[in-house]
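# Working through the structure, step by step
These are the residues of each chain, in order.
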Amino acid sequence: MIETPSPTASDRRPRCDPAAVAALEPPRVIVLVPAYREVGSLPHVLEALRGQTRPADRVVVTLDPHREGGG
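Every chain is numbered on its own, with residues counted from 1 as its sequence reads. Whole-chain, interface and lining totals are the exception, using all residues; otherwise, since this is a predicted model, local features are given only for residues with pLDDT of at least 70 and side-chain atom pairs are given and counted only at 80 or more. Where side-chain values are given, they derive from all heavy atoms of the structure, hydrogens and water being excluded.

### Considering the overall build of the protein chain
Each helix and strand counted, the protein chain has 3 helices and 2 strands in total. Helix and strand labels come from DSSP, where a helix needs a run of H or I of at least four residues and a strand needs a run of E of at least two; each type is numbered from the N terminus. In the protein chain, the succession of helices and strands from N to C terminus is α-α-β-α-β. Counting contacts in the protein chain only where the partners sit at least 6 residues apart, residues at least 24 apart contribute 74% of the total. Working note: accessible area of the protein chain is about 6,700 Å², and carbon and sulfur atoms make up 58% of it. Contact between two residues is taken to exist if any of their heavy atoms lie within 4.5 Å; hydrogens are not considered. Throughout, the Shrake-Rupley method with a 1.4 Å probe supplies accessible areas, and for residues the shown protein chains are the sole cover considered.

See the structure below:
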C-alpha cells in the first residue's frame, strides 16, 4: 500500500499566474479627496483630476464634519 498525504486547502486552490492577471486587468486608480473647510475648492480639484494622464476609476470625496476643540 502506498500512502500519499491528503491535499491541503492550498493544494486544492486553482493556480493563478499573477503576471497573466496583471495583463488582463489594468491597475485601478482610486483617488481619495479629504475635504474639511475646502468645499469651495472642490470644483477646481475635480477638474484637475479630470485632466490627468490616467483618469481615476473612482473619486471619493470625504467631507469631515469634525470640529476642532473636541466638541
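### Digging into the nonpolar core
Throughout, nonpolar core names a set of buried Ala, Val, Leu, Ile, Met, Phe, Trp, Tyr and Cys residues whose side chains join them through atoms within 4.5 Å. Residue exposure (1.4 Å probe, protein chains only): buried if accessible area is under 20% of the type maximum, exposed if over 50%, otherwise partly exposed. Membership of the largest hydrophobic core is limited to 5 residues, which are Val-31, Val-33, Ala-35, Leu-42 and Leu-49. Among the secondary structure elements, those contributing two or more residues to this core are β1 (30-35) and α3 (42-50). Ignoring any residue separated from it by four or fewer positions in sequence, one finds Leu-42 in contact with Val-33, Ala-35, Val-61 and Leu-63.

### Comments concerning a nonpolar patch on the surface
Candidate patch residues must exceed 30% relative accessible area and have no salt bridge, after which like charges are joined if within 9 Å and Val, Leu, Ile, Met, Phe, Trp or Tyr side chains if within 5 Å. What makes a salt bridge here is a side-chain nitrogen of Lys or Arg within 4 Å of a carboxyl oxygen of Asp or Glu, nothing more. A surface patch of nonpolar side chains, amounting to about 330 Å² of accessible area, comprises Val-39, Val-59, Val-61 and Leu-63. Inspection of the secondary structure assignment puts Leu-63 in strand β2 (residues 58-63).

### Let's talk about the pairing of β2
DSSP calls a pair of strands paired once it identifies at least 2 bridges connecting them. Where β1 meets β2, 6 bridges bridge the pair, whose relative direction is parallel. Its bridge partner lying in β2, Leu-32 is registered against Val-60. If you view a crossover with the strands going away from you and the path from the first strand over the helix to the second runs clockwise, you call it right-handed. You can see the chain leave β1, run along α3 and come back into β2, and the turn it takes is right-handed.

### As for the confidence of the model for the protein chain
Here the protein chain averages 77 in pLDDT, while 68% of its residues score no lower than 70. You can read pLDDT as the predictor saying how much it trusts each residue, on a scale of 0 to 100. The weakest mean pLDDT in the protein chain belongs to helix α1 (residues 9-12) at 60; the strongest belongs to α3 at 91.

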